[in-house]
Amino acid sequence: YPFLPQYDWTYALLVPFWIFGLWLARRRRELRPAAGLVVGLSLVFALLAGPVSRYRFGFTPCLILLAGAGAQDLYERTRKARKFYWTTAGWTVMNLALWLGSDTARGSALRLKYFLFG
């Protein structure tokens, strides 16, 4: 996804947080409806819509809710060691580098794909 020509910062920067939010929904009942909607619609759209990202807009509020819950829990777990700040800064810098070098990164990813899958 980050190698598509129209890189979506808002989506890419929140990915680790909403994935952790999905994991967190196992313990927190209030997150389960949002997690169920995200997982269910992701499966439907992956099977029926292909790689078109516009279908994700319908459940974006659920992604933001899960990302907020995931970020809050990660912050509470790591704030004493300041790992949260360093990790999120590193993630942001990596995304910035991908955005700035998107042509090179996309070309490299396509060459790797061709090499691996012919």
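This section reports on the structure supplied with the text. (Residues numbered from 1 in each chain as written. Predicted model: local features only at pLDDT ≥ 70, side-chain atom pairs only at ≥ 80, totals over all residues. Heavy atoms only, no water.)

From N to C terminus, the chain includes five helices and zero strands. For the chain, the α and β elements follow one another from N to C terminus as α-α-α-α-α. The burial tally for the chain puts 26% of its 118 residues in the buried class. Here the analysis covers contacts within the chain between residues at least 6 apart in sequence; of these, 69% occur between residues at least 24 apart. For the chain, the exposed area adds up to about 8,500 Å²; of that, 68% sits on carbon and sulfur atoms. (Helix = DSSP H or I, 4+ residues; strand = E, 2+ residues; numbered from the N terminus. Buried < 20%, exposed > 50% of the residue type's maximum accessible area, 1.4 Å probe, protein only. Contact = heavy atoms within 4.5 Å. Areas by Shrake-Rupley, 256 points an atom, 1.4 Å probe, with all protein chains shown as cover.)

A cluster of nonpolar side chains, contributed by L112, F115, L116 and F117, occupies part of the molecular surface with about 530 Å² of accessible area. Relative to the elements of secondary structure, F115 occurs in helix 5 (residues 102-117). (Patch = residues over 30% accessible without salt bridge, like charges linked within 9 Å, V, L, I, M, F, W, Y side chains within 5 Å. Salt bridge = Lys/Arg side-chain N within 4 Å of Asp/Glu carboxyl O.)

For the rest of this paragraph, the subject is the layout of surface pockets. Each pocket or cavity is described by its volume, and for the second largest pocket that value is around 150 Å³. For the lining of the second largest pocket, the secondary-structure elements that each account for two or more residues are helix 1 (9-24), helix 3 (60-78) and helix 4 (83-100). In terms of residue count, the dominant contributor to the lining of the second largest pocket is helix 4 (five residues). Grouping the amino acids of the lining of the second largest pocket by side-chain chemistry returns five nonpolar, three polar and one charged. (1 Å grid on protein atoms, 1.4 Å probe; cavity = no way out; pocket = protein on both sides within 12 Å on 5 of 7 lines; lining within 4 Å. Points joined across faces, edges and corners; volume = space filled by probe spheres on them. Nonpolar A, V, L, I, M, F, W, Y, C, P; charged D, E, K, R; others polar.)

Helix-helix packing is characterised by the crossing angle of the two axes and by the distance between the axes. Two elements in contact, helix 2 (residues 32-48) and helix 3, have axes whose closest approach is 9 Å; the angle formed by their N-to-C orientations is 125°. With respect to each other, helix 2 and helix 3 are oriented oblique. Read as a crossing pair, helix 2 and helix 3 show a hand that is left-handed. Of the residues in helix 3, those in contact with A34, A35, L37 and V38 of helix 2 are C62, L63, L65 and L66. When grouped by side-chain class, the residues that make up the contact of helix 2 with helix 3 number eight nonpolar, no polar and no charged. (Axes fitted to C-alpha atoms, helices over the stretch in contact; angles between N-to-C directions. Parallel < 35°, antiparallel > 145°, perpendicular 65-115°, else oblique. Left-handed = near helix turned anticlockwise from the far one by under 90°.)

Relative to the elements of secondary structure, L14 occurs in helix 1. According to the relative accessible area criterion, L14 is partly exposed, its value standing at 30%. With 52 residues separating them in the primary sequence, L14 and L66 have C-alpha atoms 9.4 Å apart. Dropping the residues within four chain positions of it, L14 is found in contact with I64 and A67.

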